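# Architecture at a glance
Chain by chain, the residues run as shown.
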Amino acid sequence: MPSRRARTEALAALALVAACKGSAPSQNPAPQGPSTQPVAPQPAQPAAPPGRGARIVVDVSESIRGFTSASSVALQTLHAQVIEASLSSLQLNNPFQRCALDTDLHCEAPLTVQQLRAPATYRGSNAALHLALRRPPRAPRPDMQAPDPLDPWAVTVVVTDGFQSTASPFEPNAASDVACTAGADPSCLAALLRARVDEGYGVWVGRLFMTFNGRYFAERRLDPAMWARTLSHVEALNREPFWNGVTFAASRPVFTSDTGPFDWRGARPLMVFVLSRDIPRARQLVAEMQRRLSVERITVRGAPEDVAFSEWAPFEGLSASVVNAVRNENGGTADTLYVDRAQPGAQGLVIPARCDVRAKARIRLEGSVALGSLAPPPFARVDLAWRLLSRPANELLVPREPLPRAGGFTALTGIDCTVLPQGRFQYDLGLSARWTVDAAALAREWFSTESGDTSYETPEKVFGLADLARAVVTAGVAREGLLARVSLVVQRQ
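Residues numbered from 1 in each chain as written. Predicted model: local features only at pLDDT ≥ 70, side-chain atom pairs only at ≥ 80, totals over all residues. Heavy atoms only, no water.

### Remarks on the packing of aromatic side chains
Geometry of an aromatic ring pair is reported as the spacing of the ring centres plus the angle between the planes. Filter applied, for reference: Between 30 and 60 degrees the pair is tilted, below 30 it is stacked and above 60 it is edge-to-face, where a pair is any two Phe, Tyr or Trp rings, Trp via its six-membered ring, whose centres lie within 6.5 Å. Labels follow the DSSP assignment, with helices taken as runs of H or I lasting at least four residues and strands as runs of E lasting at least two, numbered in each case from the N terminus. Counting as a charge over the ring demands two things of the Lys NZ or Arg CZ atom: a distance within 6 Å of the ring centre and an angle within 35 degrees of the ring normal.
Applying the stated rule across the entire model yields 15 aromatic pairs. Seen from their ring centres, Tyr216 and Phe262 are 5.2 Å apart, and the 55° between their planes marks the pair as tilted. Within this pair, whereas Tyr216 is found in strand 6 (residues 202-217), its partner Phe262 is found in strand 8 (residues 261-276), the two being separated by 46 residues in sequence. One aromatic cluster is present, built from ring pairs that chain together Phe163, Phe273, Trp312, Phe315, Phe379, Trp446 and Phe447. When the ring centre of Trp446 is taken as reference, the NZ or CZ atom of Arg207 above it lies at 5.5 Å. Between the NZ or CZ atom of Arg268 and the centre of the ring of Phe212, over which it lies, the distance is 5.0 Å.

### Here we look at the side chain of Glu445
Put simply, the rule reads: Partly exposed residues are those whose accessible area sits between 20% and 50% of the maximum for their type, while under 20% is buried and over 50% is exposed, using a 1.4 Å probe and protein chains only. Lys and Arg are tallied as positive, Asp and Glu as negative. Neither His nor the chain termini are counted. We define a salt bridge as a side-chain nitrogen of Lys or Arg found within 4 Å of a carboxyl oxygen belonging to Asp or Glu. Only heavy atoms matter for contacts: two residues are in contact if any of them lie within 4.5 Å across the pair.
Relative to the assigned elements, Glu445 resides in the loop between helix 6 (439-443) and helix 7 (446-449). Although buried, Glu445 forms no salt bridge, and the nearest oppositely charged side chain, Arg444, lies 7.0 Å from it. Ignoring anything within four residues of it in the chain, the contact list for Glu445 reads Ser310, Pro378 and Phe379.

### Quick notes on the sheet that holds strand 14 (residues 360-371)
Selection criterion: When DSSP locates at least two bridges between a pair of strands, those strands are taken to pair. Every axis in this analysis is a line fitted to C-alpha atoms, fitted for helices over the stretch in contact. Angles between the N-to-C directions lie between 0 and 180 degrees.
On the basis of which strands lie adjacent, the open sheet formed by 3 strands has the order 10-14-16 and antiparallel pairing. Both edges of this open sheet fall to strand 10 (318-327) and strand 16 (407-416), since each of them pairs with a single strand only. Averaged over neighbouring strand pairs, the angle between their axes works out to 25° when direction is ignored. As judged from the 9 bridges shared by strand 10 and strand 14, these two strands associate in the antiparallel manner.

### Some remarks on unusual backbone geometry
Between Asn94 and Pro95 the backbone carries a cis peptide bond, its omega angle lying at 0°. With respect to the helices and strands, Pro95 occurs in the loop between helix 1 (74-89) and strand 3 (96-101). The peptide bond linking Ala313 to Pro314 adopts the cis configuration, its omega dihedral lying at 5°. Inspection of the secondary structure assignment puts Pro314 in the loop between strand 9 (307-313) and strand 10. In this structure, Gln91 is a non-glycine residue whose phi angle is positive, near 55°. According to the relative accessible area criterion, Gln91 is exposed, its value standing at 67%. Even without a glycine there, the phi angle at Arg297 is positive, about 50°.

### Some thoughts on the pattern of salt bridges
Scanning the model with the defined rule gives 26 salt bridges in all. Between Arg196 and Asp151 there is a salt bridge, and its shortest N-O distance comes to 3.8 Å. Of this pair, Arg196 sits in helix 3 (residues 186-198) while Asp151 sits in the loop between strand 4 (105-106) and strand 5 (155-160), and the two are 45 residues apart along the sequence. With a shortest N-O distance of 3.9 Å, Asp438 and Arg381 are connected by a salt bridge. Of this pair, Asp438 sits in the loop between strand 17 (423-437) and helix 6 while Arg381 sits in strand 15 (residues 380-390), placing them 57 residues apart in sequence. Through salt bridges with shared partners, a single network forms among Arg135, Asp148, Asp151, Arg196 and Glu199.

Now the structure itself:
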């Protein structure tokens with residue numbers, strides 16, 4: 001389009017002597033705590049049935065034309081030999097649909113792959129990206145319901161050069177019906193992608209630095225001072241070592257147009273968004289596209305730094321298990337606490353124990369934490385801790401030893417039977433994980449550093465990308481849940 005630019009307590013050894021000796025606990029078994037759940041975002045609504053095949057949405061607005069030329073086959077190669085060949089290799093292309101996107105979504109007369117290299121294909125005044133992402137409102141009757149643009153498909157790929165630049169400030173938490181009133185700007189896209197993440201979609205984004213020689217649209221009226229800033233930035237770009245081998249130039253600005261067009265030569269980013277509820281296969285697709293890009297070398301320098309992909313949601317979770325529990329010491333008051341063999345239960349490890357009124361001892365838990373097949377990104381901070389989910393009273397405290405992000409661990413809990421009346425008591429412990437965004441690490445990611453602060457000064461960046469990424473990444477990262485659960489069942493004799 002003209003540039004759319006737009007996871008308590010801490011862990012420690014129990015000092016049982018210091019355990020609280022308050023009022024006598026109830027002899028009724030403790031109520032069951034929450035069942036162990038994977039640490040993953042919970043869909044905002046029931047998950048849709050899995051889709052089939054792939055839909056490719058191609059931005060055909062005029063701002064894409066500068067990526068084409070009479071002699072270049074880069075865009076045709078990107079679609080045919082990278083995107084579609086990757087879909088085919090993973091058997092994700094049946095059915096297959098390619099749609100053109102300008103002010104509307106055109107799927108009824110699909111573009112041929114040959115048309116994707118032709119400058120004349122790209123003449124739309126705008127690209128309404130929200131039409132490719134937004135769930136239609138519920139109709140009064142099923143026969144009147146408009147189809148969802150994503151749900152029927154196993155994977156959707158959107159190729160664009162950015163987002164609309166509007167006068168509205170970025171609103172990271174606005175609902176789509178509010179955020180999209182001004183157009184498909186970063187606020188609108190953030191709201192739509194956040195909603196899809198809540199529904200269980202994974203989101204991946206890629207940036208390809210491609211050769212560009214054509215008209216760039218700032219989507220705002222320019223003045224001489226703004227133009228001077230653009231020219232100054234061009235001079236700095238041409239001295240920047242990262243861009244060795246690429247020459248930038250800006251010329252022929254139009255100060256009387258609300259779209260702020262000017263000629264731009266050098267390189268610009270082309271964005272590839274992938275959305276899917278089949279997370280493993282979508283990850284395979286992204287990896288295959290990256291592999292093929294390294295072979296085709298269609299970017300401005302054919303260099304690895306011209307290509308970047310990131311997962312914005314859902315990220316791979318952690319898993320944990322507690323596999324054993326033993327009495328940690330012998331002698332004295334510990335000898336009359338008997339810890340029987342732990343057994344797996346419906347909600348985690350069950351540790352049977354017996355004691356008399358003299359018993360007081362620590363119990364050592366042994367287990368491990370494992371990363372998933374894909375390590376969490378640097379900007380996803382994971383905090384692990386034990387939580388006491390249920391207890392009859394205060395004679396058992398929570399472990400406080402530090403837990404590793406990956407690997408084996410031991411944790412000390414225990415029981416003070418001197419304060420227990422006769423009876424059966426159950427204590428439920430949960431190993432919880434809390435995910436939060438590390439803002440400093442996020443700011444170092446390419447989609448933050450390559451985000452433009454204005455829509456006119458830095459055409460080699462994507463206006464509003466950092467705001468969009470932060471909102472979507474936070475929706476994908478922020479979560480909390482239990483990785484493992486342990487139930488200590490004590491029979492005080």
